[in-house]
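Here's the letter readout for the chains.
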Amino acid sequence: MVVSAMPMVAEPSVEFDAQLVRKLSRSGPRYTSYPTADRFSDSFGYRDYLQAVAGLRTRGSRNPLSLYVHIPFCENICYYCACNKIITKNRDKATIYLSYLKHEIEMQGKLFDGMNQIEQLHLGGGTPTYISDAQMGDLMAHLQRWFRFASDETGEYSIEVDPRTVSAERVVSLRRQGFNRLSLGVQDFDALVQRAVNRVQPEHLTLDIIKAARAAQFRSVSIDLIYGLPQQNVISMAQTLAQVIRAAPDRISLYNYAHLPHLFKPQRRIADAALPSAEAKLDMLALGIRRLTDAGYVYIGMDHFALPTDDLAVAQQQGRLHRNFQGYSTHAESDMVSCGVSAISAVASTYSQNVKTLDAYYDAIDKNELPIERGIRLTMDDVLRRLIIQRLMCNFELSIASIETAYPITFSHYFEKEIDDLHLLEQDGLIQLDDDWLNVTPKGRLLIRNVCMVFDRYLRTSPTLASIPAATVARYSKTI
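Residues numbered from 1 in each chain as written. Predicted model: local features only at pLDDT ≥ 70, side-chain atom pairs only at ≥ 80, totals over all residues. Heavy atoms only, no water.

**Details of the overall build of the chain**
Counting its secondary structure elements, the chain contains 18 helices and 20 strands. Here the chain has a C-alpha radius of gyration of 22 Å; the compact-globule value for 480 residues is 23 Å, and the two agree. Structurally, the chain occupies a C-alpha span of about 60 × 55 × 40 Å along its principal axes. Residue burial in the chain is summarised as follows: out of 480 residues, 57% are buried. (Helix = DSSP H or I, 4+ residues; strand = E, 2+ residues; numbered from the N terminus. Rg over C-alpha atoms; globule rule 2.2 N^0.38 Å. Buried < 20%, exposed > 50% of the residue type's maximum accessible area, 1.4 Å probe, protein only.)

Below, the structure written as structure tokens:
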């Protein structure tokens, strides 16, 4: 069938095919970047980052920036968590950390002086609301001292919130401090599941925060859910989905729990026997997709759903959707400046990651150096493949002519091996391919990572992607 060159429809459908998922689900990257973070090298350091910023200045860049700030502290451990966090009840540690974080922010602010317009801010963790209201106000004032923030109407300023750590009054204060989006960690409302992952969070806490956010005129509220947790089943998941849909958040993320205890020590407290079977996980995923789309949510991609009026859905409809280390974003042209332990920046054609421990972080800043530990400078091939993966992840389609216009290649020659793999995916019904367009089918959208892996040169160790080395498998979660 010839693929139409018409733009994708406003509300792309997604089709769950259990047999296809069973056949094709495999370990692979989530493509919040390309090349992925496991390809970063310690041969890239602080001075390479300075050169990347200098290159922006030489070119007279006036693109807005996206800013990420990492607050690593949590009071209690959630057993499923794979984030870089520090569990402590000693608030003095946060006080020390904030003093160093403010120094790093100042260094970055000076570097970007004259090209420091911020249109997107995200505070992640850990638990950003671990720090006090006064500390948050001071941190935001410091950020605004060193960067120029777009207006509340045009900027997207979000923060991850643990409903167990904030009050309605704190939500009002967060809005006053400049945040206009909240992301709430829920994972599951079932009490048995909550106890199994050491995150007891009664429903009323979440609902109270959503109510307070609406009253404070936050522009968007999102909820994170996870399927595949210990003690979970289809019945408990159905109940949680019903509760979430009644709460009517603007965005919902439905993540697959990746049980990787060899990588993340807290997960060793979860007994394998308590985990749902692979078939039960598929049933929960199918249920989640059906319930959320029936409730009017648009499938954005990967694990994300949004109301049709939400900025993410509108950006996808208009072809402006982007994907970065915080997931899907509406700010496609932004370089990302990131501060805090383990934070990853994307500036010009480079990625750079900060050190992961407090001691190393403090040591670098004491030397008046940005705490960059590793990174990568992208080649033309990397940039080309990143563009292709971005468009597929965000729009589920690729104009071959647009690629050939932007780069001095003939697509069919440059990607000859990849096209052989694409034909195999076409036989499975994941894509439709002709001379002009690569379109991902509704069945293929859930397996978009499989499609993107075809273009990942770093995974290509043989003429086809029939297998991935065991060492590579251990680094990644299942595509479904």
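**Considering empty space enclosed by the protein**
By the definition in use, this model includes one cavity of 30 Å³ or more. In this structure, the largest cavity encloses a volume near 40 Å³. As for the largest cavity, its lining consists of Val186, Gln187, Asp188, Val193, Gln194, Val197, Arg199 and Leu229. Sorting the residues of the lining of the largest cavity by element identifies strand 7 (181-187) and helix 6 (191-196) as the ones contributing at least two each. Counted by class, the lining of the largest cavity contains four nonpolar, two polar and two charged residues. (1 Å grid on protein atoms, 1.4 Å probe; cavity = no way out; pocket = protein on both sides within 12 Å on 5 of 7 lines; lining within 4 Å. Points joined across faces, edges and corners; volume = space filled by probe spheres on them. Nonpolar A, V, L, I, M, F, W, Y, C, P; charged D, E, K, R; others polar.)

**Some details on helix 12 (residues 380-395)**
With 16 residues, helix 12 should cover 22 Å at 1.5 Å per step; its first-to-last C-alpha distance of 22 Å lies within 8% of that length. Buried residues dominate helix 12, accounting for 13 of its 16 residues. Two residues or fewer past helix 12, Phe396 is found with a positive phi of approximately 60 degrees. (Expected span 1.5 Å × (residues − 1).)

**Concerning the packing of helix 3 (residues 91-111) against helix 11 (residues 358-366)**
Relative orientation of the contacting elements helix 3 and helix 11 amounts to 45 degrees, with a least axis distance of 10 Å. It follows from the interaxial angle that helix 3 and helix 11 lie oblique. Where helix 3 crosses over helix 11, the two elements pack in a sense that is left-handed. On helix 11, the residues touching Lys93, Ile96, Tyr97, Tyr100, Leu101, His103, Glu104 and Met107 of helix 3 are Leu358, Tyr361, Tyr362, Ile365 and Asp366. Residues that form the contact of helix 3 with helix 11 fall into these classes: nine nonpolar, one polar and three charged. (Axes fitted to C-alpha atoms, helices over the stretch in contact; angles between N-to-C directions. Parallel < 35°, antiparallel > 145°, perpendicular 65-115°, else oblique. Left-handed = near helix turned anticlockwise from the far one by under 90°. Contact = heavy atoms within 4.5 Å.)

**Some words on the pattern of salt bridges**
Scanning all chains against the criterion turns up 25 salt bridges. Linking Asp152 and Arg175 is a salt bridge whose minimum nitrogen-to-oxygen distance equals 2.9 Å. Separated by 23 residues along the polypeptide, Asp152 in the loop between strand 5 (148-149) and strand 6 (156-161) and Arg175 in helix 5 (residues 168-176) bring together distant segments of the chain. Classification of Arg175 as buried rests on a relative accessible area of 18%. The closest approach of N and O atoms between Asp310 and Arg251, which form a salt bridge, is 2.7 Å. A residue pair is termed long-range when its members are at least 10 positions apart, and Asp310 in the loop between strand 11 (304-306) and helix 10 (311-317) and Arg251 in strand 9 (residues 251-256) qualify at 59 residues. (Salt bridge = Lys/Arg side-chain N within 4 Å of Asp/Glu carboxyl O.)

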